[in-house]
Amino acid sequence: MVALARSARQAGLAVALLSNSFGLTPYDPYEALGVWDLFDVAVVSEREGIAKPDPAIYRLTLERLGLPGEACVFVDDHPRNLPPAEALGITTVLADGDPDTPARIAALLGIPAIS
């Protein structure tokens, strides 16, 4: 997924992180993974005071991206988080561990598949 995010950014697409945080202090797992620079927008539940599947956090992400839902793809590993995104017109993908998931996402984004 990290390689896919990099590829999307290189293709000129806006990339957002929408995460139900498991904490940022004293240890920031996002910093440790080196992913902050992968995103144009980062919406983290701990910072916002709302979490998925609350529709407000999806609307906030779209607002910060400056994009309509129809222009976005949302990937999540929890099925319950997909319906609120779909209700906003966002294409959703369940990241269920299927090895073809990154290729499916790449196809939706119109970028080369990452192997």
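Refer to the preceding data block for the structure.
Before going into details, it helps to say that this report is about the structure given with it. (Residues numbered from 1 in each chain as written. Predicted model: local features only at pLDDT ≥ 70, side-chain atom pairs only at ≥ 80, totals over all residues. Heavy atoms only, no water.)

What to know about the packing of aromatic side chains
Right, so step 1: Applying the stated criterion to the full structure yields 1 aromatic pair.
Right, so step 2: Between Tyr58 and Phe74, the aromatic rings sit 5.4 Å apart at their centres with planes inclined by 80°, giving edge-to-face as the arrangement. Taken as a pair, Tyr58 in helix α4 (residues 55-65) and Phe74 in strand β3 (residues 73-76) lie far apart in primary sequence, 16 residues in all.
Right, so step 3: The exposure class assigned to Tyr58 is buried, which follows from its relative accessible area of 2%.
Right, so step 4: The exposure class assigned to Phe74 is buried, which follows from its relative accessible area of 9%. (Phe/Tyr/Trp six-rings, centres within 6.5 Å; stacked < 30°, edge-to-face > 60°. Helix = DSSP H or I, 4+ residues; strand = E, 2+ residues; numbered from the N terminus. Buried < 20%, exposed > 50% of the residue type's maximum accessible area, 1.4 Å probe, protein only.)

A word on the nonpolar core
Right, so step 1: By size, the foremost hydrophobic cluster in this structure holds 16 residues, and its most contacted members are Leu17, Tyr30, Trp36, Phe39 and Val44.
Right, so step 2: At 3 residues, helix α1 (residues 2-10) tops the list of elements feeding residues into this core.
Right, so step 3: Counting residues in each nonpolar core, the second largest holds 13 residues, with Leu18, Tyr58, Phe74 and Ile90 among its members. (Core = buried A, V, L, I, M, F, W, Y, C linked by side-chain atoms within 4.5 Å.)

Some details on the pattern of salt bridges
Right, so step 1: As enumerated under the stated definition, the model contains 3 salt bridges in all.
Right, so step 2: The shortest N-O distance in the salt bridge between Glu48 and Arg64 comes to 2.8 Å. Residue Glu48 is found in helix α3 (residues 45-48), and its partner Arg64 is found in helix α4; the two are separated by 16 residues along the sequence.
Right, so step 3: Close ionic contact of Asp76 with Lys52 constitutes a salt bridge, the shortest N to O distance being 2.6 Å. Of this pair, Asp76 sits in strand β3 while Lys52 sits in the loop between α3 and α4, placing them 24 residues apart in sequence. Of the two residues examined, Asp76 and Lys52, each falls in the buried class. (Salt bridge = Lys/Arg side-chain N within 4 Å of Asp/Glu carboxyl O.)

Some words on α4
A turn of α-helix holds 3.6 residues, and therefore any two residues three or four places apart point the same way.
Right, so step 1: Listed as buried for α4 are Ile57, Tyr58, Leu60, Thr61, Leu62 and Leu65.
Right, so step 2: Those residues of α4 that are buried are in contact with β1 (16-19), β2 (41-44), α3, β3 and α5 (82-87).
Right, so step 3: Its side-chain oxygen placed 2.8 Å from the backbone nitrogen of Ala56, Asp54 serves as the N-cap of α4. (Contact = heavy atoms within 4.5 Å. Polar contact = N/O pair within 3.5 Å; in protein donor to acceptor, adjacent residues only side chain to side chain.)

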